[in-house]
Amino acid sequence: MVIVMAPGASSDTIDSIVDLVASVGGEAYVTRGVSRTIIGLVGDVQRFESLDLHALPGVADVLRISTPYKLVSRENTAQRSVVRVAGVPIGGDHMTLIAGPCAVETPEQTLEAALMARRAGASLLRGGAYKPRTSPYAFQGLGETGLKILADVRDETGLPIVTEVVDAADVELVASYADMLQIGTRNMQNFALLQAAGEAGKPVLLKRGMSATIEEWLMAAEYIAQRGNLDIVLCERGIRTFEKSTRNTLDISAVPVAQQLSHLPVIVDPSHSGGKRDLVLPLSRAAIAVGADGIIVDVHPAPETALCDGPQALTAADLDELAHLVNTLPPLVGRTLTPVPSAAPAGV
Ligand code: PEP
Ligand code: MN
C-alpha cells in the first residue's frame, strides 16, 4: 500500500504515521519527492486497513498498488514526474540532451567535449571517471582525478555533470562532485549500490541491465526509491539479443512501456545501443519520435584516440546535424529541448 501525503504535510505528521504503521508490525518507507511525499507500507494489508489511514491528518490518498514495484509505479502517480538535475529538468514537456565523452581522459579533452555538447544543445554533461570495463587491462578511468576535472569543466561551461559510480563504497565521494549519479547496465542489480545511491541525496540515472526485463529494471529503481529518493531517471541503452551487427539491440518499445508502468522519466542512450557513430543519429530520431524524455550521447574531440568507446562517439562534424535534430523533432511530438544553462561567468 502507498499513502500519498497532502502537499505541505509536516514532518511530525509523517513521523506519527510511521510510528502508527510500526505499532501494527508494519514498515513504512518515506520518500520525499519535489512536489509531495509518499509513504510505502510493507506488511499485513488487513492490519493497515484497520488503522483507517484515510482519516489521518495530512493524508491525501491511500492506494493499493497491484504492481510489485510500488513507489515508482504509475499507479500511485498518474502524472509523469519531472526530475531536476541542479535545476535542469528531465521529463514533462522537455526533451533533454545529455552529451559528453564516454570517459574523462584529460582536462583538455573533457573541456573540448563539453563545449561540443553545449554546441549541440546539451544541458547536462556526461563523462565517466570510474569505468566498468569488460577487460581488467582496459582503461579503468581516472577516479577522483576525473571527478575533479569534471567539476572544473562544470565551473567553466555551466553544464551540471552526470557521472557513473560503480561501487557502493564510492557513492559518497562521487556524490560530493556529481550533480547526477549514473548506475550502469552492469550494476543494475547491484542492490547495495542501488541502496547507497538512494541515500546519497542526488538524482540517479539508472541504466537498464543489458539482459534485464522491464519489470526487473523497475524493481531496481524501487530499491533506490525505497531509500527515500524518487529523483530517478530510467535509461534504455540496448539489450542483448542474437543480433551481432549492432553492439546491443535498442529496445525502442521499452520507452513507452516503461512510461506506462512508471511515472519516472525515460531516456535513451543511442551510443551504447548501436555502438557505431553512424547509427547514433538515426537511433536518436527514433528515441525522440517514440516519446523519450531525453537522449544521452557520446561525443569526443578525437574519437580515434579515445581510451573508451571511440567508434560510437560523435565528432565535431556531426554536431550541426545533432543540434538540428534536437531542435526540430521534439516540437513535432509536443516537446521542447531543455535549454542550455547559461555559461558560468568568466573566472568563476
Ligand atoms: C556509459 O554510459 O559510459 C556506460 C558504461 O554505459 P552502459 O552502462 O550502458 O554500458
Ligand atoms: Mn561507454
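Residues numbered from 1 in each chain as written. Chains lettered and ligands numbered in written order. Predicted model: local features only at pLDDT ≥ 70, side-chain atom pairs only at ≥ 80, totals over all residues. Heavy atoms only, no water.

Named according to an unreviewed UniProt entry, the chain is 3-deoxy-7-phosphoheptulonate synthase originating from Thermobifida cellulosilytica TB100.

Student: An account of the overall build of the chain is requested, with residue identities and associated values reported.
Tutor: If you tally the helices and strands in the chain, you get eleven helices and 15 strands. Split into buried and exposed, the 348 residues of the chain put 54% on the buried side. When contacts within the chain are restricted to residue pairs at least 6 apart in sequence, long-range pairs at least 24 apart make up 71% of them. Treating the 28 positive side-chain charges of the chain as one cloud and the 39 negative ones as another, the clouds have centres 4 Å apart. (Helix = DSSP H or I, 4+ residues; strand = E, 2+ residues; numbered from the N terminus. Buried < 20%, exposed > 50% of the residue type's maximum accessible area, 1.4 Å probe, protein only. Contact = heavy atoms within 4.5 Å. Lys, Arg positive; Asp, Glu negative; His and termini not counted. Charge placed at Lys NZ, Arg CZ, Asp CG, Glu CD.)

Student: Report on the pairing of strand 7 (residues 94-100), specifying residues and quantitative values.
Tutor: Counting buried residues along strand 7, six of its seven residues qualify, which places the element largely inside the surrounding structure. In this structure, strand 7 lies alongside strand 15 (residues 336-337), joined through two bridges in parallel fashion. In the sheet register, H94 faces strand 15, and the bridge partner there is T336. Pairing between strand 7 and strand 14 (residues 294-298): five bridges, direction parallel. For T96, the partnering residue across the bridge sits in strand 14 and is G294. Two strands pair when backbone bridges link them, and strand 7 and strand 8 (residues 124-126) are joined in this way by two bridges, in the parallel orientation. (Pairing = 2+ DSSP bridges.)

Student: Can you break down the nonpolar core residue by residue, with the values?
Tutor: Membership of the largest hydrophobic core comes to 76 residues, with the highest contact counts inside it found for V72, L97, L206, W217, L234, I295 and L322. The element best represented in this core is helix 7 (residues 214-226), accounting for seven residues. A domain split of this core shows at least three residues from each of domain 1 (2-63) and domain 2 (83-337). With residues near it in sequence (within four places) discarded, L234 still touches L206, W217, L218, A221, A258, S262, L264, P265, V266 and I267. Counting 15 residues, the second-largest nonpolar core is a separate cluster that includes I3, V21, L51 and V59. (Core = buried A, V, L, I, M, F, W, Y, C linked by side-chain atoms within 4.5 Å. Domains from an automatic or database assignment.)

Student: Which residues make up the coordination of the manganese ion (ligand 2), and what are the values?
Tutor: The manganese ion (ligand 2) binds to the protein through C102 (SG), H272 (NE2) and D309 (OD), with metal-donor distances spanning 1.9 to 2.3 Å. Each donor residue of the manganese ion (ligand 2) lies on one chain, and together they are spaced C-x169-H-x36-D. Linking H272 in helix 9 (residues 270-274) with D309 in the loop between strand 14 and helix 11 (319-332), this pair joins segments that are 37 residues apart in sequence. Overall, the relative accessible area of 19% leaves D309 in the buried class. (Donors = N, O, S within 2.8 Å, 3.2 Å for Na, K, Ca; no water.)

Student: Describe the side chain of D318, listing the residues and the values that go with them.
Tutor: Residue position: D318 is located in the loop between strand 14 and helix 11. This buried residue, D318, is left without a salt bridge; R277 holds the nearest opposite charge, at 4.4 Å. At 2.8 Å, the side chain of D318 forms a polar contact with the backbone nitrogen of T315. (Salt bridge = Lys/Arg side-chain N within 4 Å of Asp/Glu carboxyl O. Polar contact = N/O pair within 3.5 Å; in protein donor to acceptor, adjacent residues only side chain to side chain.)

Student: Break down unusual backbone geometry for me, citing the residues and quoting the values.
Tutor: Most peptide bonds take the trans form, and the phi angle of most residues other than glycine is negative. The backbone of D52 shows a phi angle near 50 degrees, a positive value even though the residue is not glycine. Mapped onto the elements of the fold, D52 is located in the loop between helix 2 (45-49) and strand 4 (59-63). Residue classification places D52 among the partly exposed positions, given a relative accessible area of 47%. Here D309, not a glycine, exhibits a phi torsion of approximately 60 degrees, which is positive.

Student: Any chance you could break down the side chain of D179 for me, citing the residues and the numbers?
Tutor: Topologically, D179 is positioned in the loop between helix 5 (171-177) and strand 10 (180-183). Among the residues examined, D179 registers a relative accessible area of 14% and is labelled buried. Polar side-chain contacts of D179 include one of 2.8 Å to the side chain of R154. At 2.7 Å, the side chain of D179 forms a polar contact with the backbone nitrogen of I161. Apart from residues lying up to four places away in sequence, D179 is in contact with V85, A86, R154, P160, I161, K202 and P203.

Student: Describe the site of ligand 1, and please don't skip the residues or the numbers.
Tutor: Around ligand 1 sit C102, R126, K131, E164, Q182, G184, T185, R186, K207, R237 and H272, and those are all the residues in its vicinity. One nitrogen or oxygen atom from the main chain of T185 is found 2.8 Å from an oxygen atom belonging to ligand 1. Between ligand 1 and R237, the relevant distance is 2.6 Å, taken from an oxygen atom to a side-chain nitrogen or oxygen of the residue. For ligand 1, whose unbound accessible area comes to 290 Å², protein coverage reaches 97%. Partitioned by chemical class, the residues of the shell around ligand 1 number one nonpolar, four polar and six charged. (Near = heavy atom within 4 Å. Areas by Shrake-Rupley, 256 points an atom, 1.4 Å probe, with all protein chains shown as cover. Nonpolar A, V, L, I, M, F, W, Y, C, P; charged D, E, K, R; others polar.)

Student: How would you summarise the domain arrangement of the chain if you had to cite specific residues and measurements?
Tutor: Once the domains are mapped, the chain shows domain 1 (2-63) and domain 2 (83-337). If you average the C-alpha positions of domain 1 and of domain 2, the two centres end up 34 Å apart. Listed as interface residues are six residues of domain 1 and, on the opposing side, six residues of domain 2. Both sides of the domain 1 and domain 2 interface together cover about 470 Å² of buried area, and 60% of this is carbon and sulfur. Across the domain 1-domain 2 interface, the total number found is zero salt bridges. (Buried area = accessible area lost by both parts, 1.4 Å probe.)

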